[in-house]
Amino acid sequence: DAKTTQPTSMDCAEGRAANLPCNHSTISGNEYVYWYRQIHSQGPQYIIHGLKNNETNEMASLIITEDRKSSTLILPHATLRDTAVYYCIVEGLGGGADGLTFGKGTHLIIQP
Amino acid sequence: DAGVIQSPRHEVTEMGQEVTLRCKPISGHDYLFWYRQTMMRGLELLIYFNNNVPIDDSGMPEDRFSAKMPNASFSTLKIQPSEPRDSAVYFCASSIAGPRTDTQYFGPGTRLTVL
């Protein structure tokens, strides 16, 4: 059973903030939310992860609701190179040391 | 760092032939993962290793598939005999051990076509 639900596709104008939602209503207390993306013809790339606090790095920000049942990945100033499939993944602590379960992801298309 | 290296990048073979895919993880990484990606099934974990030992191979589709990791810097995924339904992109990934391991680094993938 899928642990996450994401929209199939989204469009965003170049230079705007891209906000990608993810629902994970069955997340348990020790599970983290991870985001990866896959640019066409490349391997998946780690973006960010978090438990309950909002997180920010050089690539993106992750906003997790207080009940942890949903989250939003924010790309603050989207560029054409951000066009990719974005995967929201829920995994236990040490998500890098266990197999990742990828869903269908969201195909984000950045429009010029 | 060169990242995860996979070879070949593309492989075209005929049904019934043996196929060997290769992966060199990032130096110092203790975990190595093999994934397969198809349009129908998306990205699926096949098997992963910790310190060269297979930990979970429940994703390996059938006995035609086998994976080995003879040392910390090399792993192979073998399909024998290959079938057209094995056509997919195969990714290798690695990560560093630790209780707060948070990132898997993926290679560029091997695109396998079985005719």
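The model shown is predicted, which means the values in this text are computed figures rather than measured ones.

### Some points on the overall build of chain B
Next, step 1: The secondary structure content of chain B amounts to zero helices and eleven strands.
Next, step 2: Counting from the amino terminus, chain B carries its helices and strands in the arrangement β-β-β-β-β-β-β-β-β-β-β.
Next, step 3: Taking 13 Å as the expected radius of gyration for a compact globule of 115 residues, we find that chain B reaches 13 Å, a close match to that expectation.
Next, step 4: Projected onto its principal axes, the C-alpha positions of chain B cover 40 × 30 × 30 Å.
Next, step 5: Within chain B, contacts between residues separated by at least 24 positions form 54% of all contacts whose residues are at least 6 apart in sequence.
Next, step 6: Each charge class in chain B can be summarised by its mean position, and for the 11 positive and 13 negative side chains these summaries are 3 Å apart.

### Here's the deal with the side chain of Gln 38 of chain A
Next, step 1: On the secondary structure map, Gln 38 of chain A appears in strand β3 (residues 31-38).
Next, step 2: Polar contacts involving the side chain of Gln 38 of chain A include one to the main-chain carbonyl oxygen of Gln 42 of chain A, which spans 2.9 Å.
Next, step 3: Ignoring sequence-local partners within four residues, the contact set of Gln 38 of chain A consists of Gly 43, Pro 44, Ala 84, Val 85 and Tyr 87 of chain A together with Gln 37, Leu 43 and Phe 91 of chain B.

### Structural notes on the sheet that holds strand β9 (residues 106-111) of chain A
Residues and elements named next belong to chain A.
Next, step 1: Within the open sheet, the five strands sit side by side as β1-β9-β8-β3-β4. Their pairing is mixed. This sheet does not close on itself; its edge strands, each paired only once, are β1 (9-13) and β4 (45-50). Neighbour to neighbour, the strand axes of the sheet diverge by 25° on average, direction disregarded.
Next, step 2: Bridge count for β3 against strand β8 (residues 84-92) is eight bridges, and the pairing is antiparallel. Bridge pairing in β8 links Arg 37 to Tyr 86.

### Here we look at the packing of aromatic side chains
Next, step 1: Enumeration over the complete set of coordinates arrives at twelve aromatic pairs over all chains.
Next, step 2: Between Tyr 36 of chain A and Tyr 46 of chain A the ring centres are 5.7 Å apart and the planes differ by 75°, which places this aromatic pair in the edge-to-face class. Note that Tyr 36 of chain A is positioned in strand β3 and Tyr 46 of chain A in strand β4, a separation of ten residues in sequence.
Next, step 3: What makes Tyr 36 of chain A buried here is its relative accessible area of 0%.
Next, step 4: Clustering of aromatic rings is evident, with ring pairs tying together Tyr 36, Tyr 46, Tyr 87 and Phe 102 of chain A together with Tyr 31, Phe 33, Tyr 35, Tyr 48, Phe 91 and Phe 106 of chain B.

### Quick look at the side chain of Asp 82 of chain A
Next, step 1: Here Asp 82 of chain A is to be found in the loop between β7 (70-75) and β8.
Next, step 2: When sequence neighbours within four positions are dropped, the list of residues in contact with Asp 82 of chain A reads Arg 37, Leu 75, His 77, Leu 108 and Ile 110 of chain A.

### Side note on the pairing of strand β4 (residues 31-38) of chain B
Residues and elements named next belong to chain B.
Next, step 1: Here β4 lies mainly inside the structure; eight of its eight residues are buried.
Next, step 2: Residues Tyr 31, Phe 33, Tyr 35 and Gln 37 of β4 are buried on one face, and the alternating residues Leu 32, Trp 34, Arg 36 and Thr 38, pointing to the opposite face, are buried as well.
Next, step 3: In this structure, β4 lies alongside strand β5 (residues 42-50), joined through eight bridges in antiparallel fashion. Within the sheet, the bridge partner assigned to Phe 33 lies in β5 and is Tyr 48.
Next, step 4: With antiparallel pairing between neighbouring strands as the criterion, β4 and β5 make up a hairpin whose turn holds three residues.
Next, step 5: Note that β4 and strand β9 (residues 88-95) share seven bridges and pair antiparallel. Bridging from a neighbouring strand, Gln 37 pairs with Val 89 of β9.

### Quick notes on the state of the cysteines
Next, step 1: Tallied over the full model, the rule gives two disulfides over all chains.
Next, step 2: Two residues, Cys 22 of chain A and Cys 88 of chain A, share a disulfide whose sulfurs are 2.1 Å apart. Of note, the bridge from Cys 22 of chain A to Cys 88 of chain A carries an S-S torsion of about -85° and is left-handed in sense. Taken together, the positions of Cys 22 of chain A in strand β2 (residues 18-23) and Cys 88 of chain A in strand β8 put the pair 66 residues apart, joining distant regions of the chain.
Next, step 3: Given a relative accessible area of 1%, Cys 88 of chain A falls into the buried group.
Next, step 4: Across the disulfide from Cys 23 of chain B sits Cys 92 of chain B; the S-S distance is 1.9 Å. Taking the torsion about the sulfur-sulfur bond, which here is approximately -70°, the covalent link between Cys 23 of chain B and Cys 92 of chain B counts as left-handed. Of the two residues, Cys 23 of chain B sits in strand β3 (residues 19-24) while Cys 92 of chain B sits in strand β9, which places them 69 residues apart along the sequence. For the residue pair Cys 23 of chain B and Cys 92 of chain B, the accessibility class agrees, reading buried in each case.
Next, step 5: Among the cysteines around Cys 12 of chain A, which has no disulfide bond, Cys 22 of chain A carries the closest sulfur, lying 18 Å off.

The rules behind these values
- Residues numbered from 1 in each chain as written.
- Chains lettered and ligands numbered in written order.
- Predicted model: local features only at pLDDT ≥ 70, side-chain atom pairs only at ≥ 80, totals over all residues.
- Heavy atoms only, no water.
- Helix = DSSP H or I, 4+ residues; strand = E, 2+ residues; numbered from the N terminus.
- Rg over C-alpha atoms; globule rule 2.2 N^0.38 Å.
- Contact = heavy atoms within 4.5 Å.
- Lys, Arg positive; Asp, Glu negative; His and termini not counted.
- Charge placed at Lys NZ, Arg CZ, Asp CG, Glu CD.
- Polar contact = N/O pair within 3.5 Å; in protein donor to acceptor, adjacent residues only side chain to side chain.
- Pairing = 2+ DSSP bridges.
- Axes fitted to C-alpha atoms, helices over the stretch in contact; angles between N-to-C directions.
- Phe/Tyr/Trp six-rings, centres within 6.5 Å; stacked < 30°, edge-to-face > 60°.
- Buried < 20%, exposed > 50% of the residue type's maximum accessible area, 1.4 Å probe, protein only.
- Disulfide = S-S within 2.5 Å.

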